[in-house]
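Notes for the structure review
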2 protein chains.
Amino acid sequence: MISKTLKKIIGLFEDNKSSDIKKEINEMHPGDVSQLINELPSEYQSQAFKLLSSELASKVIYNLHDELREEILENINQKRLVEIMDEMDSDEATDIAGELDEHQLKDVLKKIDVEDSNEIKQLLVYDEESAGGIMQKEIIAVQQEMNRTEMIEHIRANYEDVEKLYYIFVTDIRNKLIGILEVSKLLLCKAEQKAKDIMNTEVIVAPVDMDREEVAGIFRKYDIYNLPVVDKDNRLLGRITVDDIIDVIDEEASEDVYRMVGLESEDKVFTSPLNSVRKRLPWLALNLVTAFLVSSVVGIFEVTIARLSFLAVLMPIVAGLGGNSGTQTLTVITRGIALGELTLHNTYKAIFKEITVGIINGILIGSIAVIVAYLLKRNILLGVVLGISMVCNMFIAGLIGSSIPVIMKSLKIDPALASSVIITMLTDMGGFASFLGLATLLL
Amino acid sequence: MISKTLKKIIGLFEDNKSSDIKKEINEMHPGDVSQLINELPSEYQSQAFKLLSSELASKVIYNLHDELREEILENINQKRLVEIMDEMDSDEATDIAGELDEHQLKDVLKKIDVEDSNEIKQLLVYDEESAGGIMQKEIIAVQQEMNRTEMIEHIRANYEDVEKLYYIFVTDIRNKLIGILEVSKLLLCKAEQKAKDIMNTEVIVAPVDMDREEVAGIFRKYDIYNLPVVDKDNRLLGRITVDDIIDVIDEEASEDVYRMVGLESEDKVFTSPLNSVRKRLPWLALNLVTAFLVSSVVGIFEVTIARLSFLAVLMPIVAGLGGNSGTQTLTVITRGIALGELTLHNTYKAIFKEITVGIINGILIGSIAVIVAYLLKRNILLGVVLGISMVCNMFIAGLIGSSIPVIMKSLKIDPALASSVIITMLTDMGGFASFLGLATLLL
C-alpha cells in the first residue's frame, strides 16, 4: 500500500503540486507519514516535511532517519520549531532538544510554553541511557483520599496532555508513590470508593538512574504497559511507556550485534559514506594489528612452510572453523546475557557446556577433515595433524568464546564488546600455531 | 534482591523445608518466580515448580527455560496440568498445548473447561509464526448501538477473563470490526453516548495470516498497546497485546543474529550439549566445505608459496580484513532490513554506499599495511601487492556484503541466512586470489 502512495506522491512532486501533496499527507497516520518521507528520494524529503501541520510534524520527526532529522533541524526556522515542540510529549521534546545546538536550544526554551520548557529542562539533566532519559512527565496522579467522581474530574482536566492512559498513579501529599490504579478498575468501581480502596499497592517502579537496558528487563519480566519512575525517596517523577521500550529493545539489540562486529550504533544504512568510514576505521585499524599478530604466529613456522608448501594450503581450514565455532559460542553467550538468561550464578555451567560442545564438534568435524585430507594428499600423518589441531582449536573456541564475555560482564564492561575480532584473533592464532606446530614436530 | 532470595530458597531446600518455601514463593510476583526457578540448581527446579499454586504456575511456566519446561511437561500429572491450563489465557494455553504430545493433548482438551478447549482448538490451527499464532481470544467486544451504561455492564460481566484492558472493540451484528474505543474515553463520556458516537473508526488491524515479524512492525510504527486480529472478511478473531510483541521482537532479534553465525533459535545457553552439537554440526559441516573451497584457491598458488614462503605469512591479513569488513556491511544491511529501514525502493543507494565505504577503507587500511609490510620486509613491490589486494578485497566485501542479503530479500528468503559463512568464504577467496595472484605476476 505504502508503495502505491509513494509513487503517487513522487508523481505529484514532479508535477509541483504542493497543495495536493499537503492534502494527501495530512490525512495519513503519522506512522505512515514517517515511513513515506524516509523512502522519498532525498531531494523531496525536507520539502515534504515542510508541508506537514505542526501537530503531524511533531509526531513524525522523531521517526525520521537520524541524518535526515539532523538536516531538518539544522535548517528549520525557529517559529516552526517552537510550534512543533509545543505539540510534543516531554520525552520526545527532550530528545529533540538534546539534538539542537546550544544557541537554538536557548532560544527555543524561551519561546515555548513555560511548563513545557521547565519539563524539558528537568529532563535534560538525566543521562539519555537512564530511566530518567526515556521517561515522560505527562502523567495523571491522584491523591489517595479522592473518590471516584473526584478522580474522574481530575482525569478530565488533564486528559488532553496524557496520551495512552492505562494507569493512574496514587500519591501522598509529599508526592510519594503509594499505589497504581488501572483505568478499567476506576470505570467499574462505585462512586463513593476512594483511590486507596481500589488501588494496587504492589507497585513496580524504576529508580530514575536505572540503566534503560535494565528498565527494558522490567517490562520483559512483569509484562506491563507503563512503569512509574521515582527518585530515591520514592517521589513520582514520570512514567515510561511500553512503546518507548520497544525502541529501546530495538536499539539495544542493534547495539549488541553491532558491537560484536565492531560497528557503532549510529552507523546505519543511510549514514553518509564518509561518516561510516570514520566510524569503522578505528576498528579495522585494530583489526589490522590483530591480523599482523596472527601473521607473526605463522611467521614462526616460515621455514616449515618453505619446505612443505601444502601446509599453507590447508592451514586456513583449521583457523576458519575455529573462528566460526568461536563466534557461535560468543553469540549464544552474549545473547543469553542480554536477555537476562545467563547470570553470574550459572555461568560455570554455561562455560563448561560450550567447551564440551567445542570438543565434540572438533572431534566430529576433525574426523571428516582427516578423511578428506587423506584422500587429497594420501598422507595419514598429515590427516592426523589436521584432525588433532582442529580439536585443539575448537576447544579453544569454546573456552574463550564463552569465558571472555562472562569475564567482561563481571568486570562491568559490555560483553558485546568481546567482539568477534578478539575471538577470531585468538582462534586464528590457536589454529595456525597448533596446525603448523604439530606439522613441524611430526612431518 | 533476587540473589538474596535465591540463596535463602536454596538454603531452605537443603534443610528440606518445603512448607516454608511454598509460603515464600507463593507471595512473589510471577516474573520473579520464573527467574528464581530458572536460576535454581537443576535438582531443585521441578520440585520448586510443584510447590506453586495452579494460578501462579500458569503464569510462570511459560517463562521457564525451554528445556526445563519440556521436562516439567513430560512428567506433570494430568490433573495438575488441567488445573494450570484452566488458569491460562488462550494464547499461552495454546503454546503449551503445542508442546504436549498427541496423547496428553487429547486428554487435556477433554478435561479442561469446554470454552477454553474450543478456543485452544481454534488457535492451534494457525501457524505459530503468524498473527493467529500469537493472538488471544480473550477480548471485550460491544455492539455499536450500546450506550455507556450497557457497555459498562458488558465489561463488568466479562472483566474476569480479560487481562490488561486498554481497548474495547466495536463490532456489527456479523462480528465485523467497525471501531475501537479506549477505556479511558468510556470513563469520561456521558451516560447516553453510544459506542458508535465515541469510537475511533480508523482501526489498524492485523490479518490473521500476517507474519508475526510484520505484526511487530505494526506495533513499532503505530505505537499501540493492542492490535485486533481479523479474518479476510474483517471479522474480529482476537487481539495481540504489546507484551507478547516484546517476546516476538526479542526472539526475532536473536534469530537474526543467530542465523548470521549459523545457529538455530532453539540453541540457547542452557540447551543440553548434545542438542547444541546436533544443531551446530550441519552448519560447521557446510563450513568445512567452504573452507576446503577456500583452501583450493590457495592450492592454485602452491608453487608460488613454495618459492616465496613469506606470502603464506602475510596472506591471512588480506583475507581477515576483508572478512571483517564484509561482516560489518552484512550486519548493517540485515539489521536495516529487519527494522524496516531498508526497502526495495532505496536499496541501490545502500549498496552503492557500502561499496564506496569498502573502497575508501581499503585504500586507508591498505596504505598502512603497505608501510608496515615495507618496514618488515624492505620490499616495495610486496607492499604494493598487499595494498592493491586489500583494496580489491574490501571492494568485494562491500559489494557482496550488501547485495547478497538484498537479493535474498527480493527472493523472499530470510536475508539473515546470508550468513557470515558465505560472505567470509567469498572474501577469503577474493583475498587469497588477489594477493597470491598479484604476487605471482609481480614478484
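Attention here is on the structure that accompanies the text. Treat the numbers as computed from the prediction; the structure is a model and nothing was measured.

**A look at helix α7 (residues 78–86) of chain A**
Residue and element names in this part refer to chain A. Considered for burial, the residues of α7 that qualify are R80, L81, V82, I84 and M85. Against the buried residues of α7 lie α4 (42–50), α5 (54–60), α6 (66–75), α8 (90–99), α9 (102–111) and α10 (114–124). You can read the cap of α7 off the contacts: a side-chain oxygen lies 3.1 Å from the backbone nitrogen of K79, and it is on N77.

**Considering the packing of aromatic side chains**
All chains considered together, the criterion is met by 8 aromatic pairs over all chains. For the ring pair Y166 of chain A and Y166 of chain B, a centre distance of 6.3 Å and an interplane angle of 55° mean the geometry is tilted. Taken together, the residues span two chains, with Y166 of chain A in the loop between α12 (148–158) and β2 (167–171) and Y166 of chain B in the loop between α12 (148–158) and β2 (167–171). For Y166 of chain B, a relative accessible area of 2% corresponds to the buried category. Aromatic pair Y225 of chain A and Y225 of chain B: ring centres 5.1 Å apart, planes at 35°, arrangement tilted. Taken together, the residues span two chains, with Y225 of chain A in the loop between α15 (212–222) and β5 (226–230) and Y225 of chain B in the loop between α15 (212–222) and β5 (226–230). Of the two residues, Y225 of chain A and Y225 of chain B, both sit in the buried class. One aromatic cluster in this structure is built from Y166, Y167 and Y225 of chain A together with Y166, Y167 and Y225 of chain B. Directly above the ring of Y225 of chain B sits K164 of chain A, whose terminal nitrogen or CZ lies 6.0 Å from the centroid.

**Description of the relation of the copies chain B and chain A**
Note on the identical chains: chain B maps onto chain A by a rotation of 180° and an axial translation of 0.0 Å, with an RMSD of 0.0 Å. The superposition operator between the copies reduces to a two-fold rotation axis. Both copies share a contact surface, since 98% of the interface residues of chain B are interface residues in chain A too.

**Looking at the side chain of R239 of chain A**
All names here are of chain A. If you trace the backbone, R239 turns up in strand β6 (residues 236–241). One buried charged side chain, R239, makes no salt bridge at all; its nearest oppositely charged neighbour is D89, positioned 5.9 Å away. At 3.1 Å, the side chain of R239 and the backbone oxygen of K164 are in polar contact. Discounting chain neighbours no more than four positions away, the residues touching R239 are M135, Q136, E138, I139, V162, E163, K164, F169, N226, L227, P228 and V229.

**Let's talk about the sheet that holds strand β4 (residues 206–207) of chain B**
Residue and element names in this part refer to chain B. Ordered by their spatial adjacency, 3 strands build an open sheet running β4-β5-β6, and the pairing between neighbours is mixed. Of all strands in the sheet, those bounded by a partner on one side alone are β4 and β6 (236–241). Summarising the sheet, β5 and β6 pair through 5 bridges and their orientation is antiparallel. In the sheet register, V229 faces β6, and the bridge partner there is G238. Sheet strands touched by α15: β4, β5 and β6. Its angle to β5, the strand with the most contacts, is close to 140°.

**A short note on unusual backbone geometry**
Residues and elements named next belong to chain A. The backbone of N175 sits at a positive phi, close to 70°, despite the residue not being glycine. Counting through the fold element by element, N175 comes out in the loop between β2 and β3 (177–182). A relative accessible area of 32% places N175 in the partly exposed class. A positive phi angle, close to 50°, is found at D223, a residue other than glycine.

**Topic: the sheet that holds strand β3 (residues 177–182) of chain B**
All names here are of chain B. Taken in spatial order, the 3 strands line up as β1-β2-β3 in an open sheet, and their pairing is mixed. Sheet topology places β1 (141–143) and β3 at the edges, where each strand pairs with a single neighbour. When strand polarity is set aside, the average angle formed by the axes of neighbouring strands in this sheet is 35°. Pairing between β1 and β2: 3 bridges, direction parallel. Considered in β2, the bridge of A141 is made with F169.

**A word on the interface of chain B and chain A**
Interface extent is often summarised as the accessible area lost during association of the parts. Each partner contributes to the interface: chain B provides 114 residues, whereas chain A provides 113 residues. Across the salt bridge formed by K221 of chain A and D32 of chain B, the nearest N and O atoms sit 2.8 Å from each other. Along the contact surface separating chain B from chain A lie 38 residue pairs in polar contact (both at pLDDT 80 or more). Counting residues per element, the side of chain B that touches chain A draws most heavily on helix α19 (residues 310–338) of chain B, which supplies 18 residues. Considering only residue class, the side of chain B that touches chain A consists of 62 nonpolar, 30 polar and 22 charged.

Cut-offs and rules
Residues numbered from 1 in each chain as written. Chains lettered and ligands numbered in written order. Predicted model: local features only at pLDDT ≥ 70, side-chain atom pairs only at ≥ 80, totals over all residues. Heavy atoms only, no water. Buried < 20%, exposed > 50% of the residue type's maximum accessible area, 1.4 Å probe, protein only. Helix = DSSP H or I, 4+ residues; strand = E, 2+ residues; numbered from the N terminus. Contact = heavy atoms within 4.5 Å. Polar contact = N/O pair within 3.5 Å; in protein donor to acceptor, adjacent residues only side chain to side chain. Phe/Tyr/Trp six-rings, centres within 6.5 Å; stacked < 30°, edge-to-face > 60°. Lys NZ or Arg CZ within 6 Å of the ring centre and 35° of its normal. Least-squares fit on C-alpha atoms with pLDDT ≥ 70 in both. Lys, Arg positive; Asp, Glu negative; His and termini not counted. Salt bridge = Lys/Arg side-chain N within 4 Å of Asp/Glu carboxyl O. Pairing = 2+ DSSP bridges. Axes fitted to C-alpha atoms, helices over the stretch in contact; angles between N-to-C directions. Nonpolar A, V, L, I, M, F, W, Y, C, P; charged D, E, K, R; others polar.

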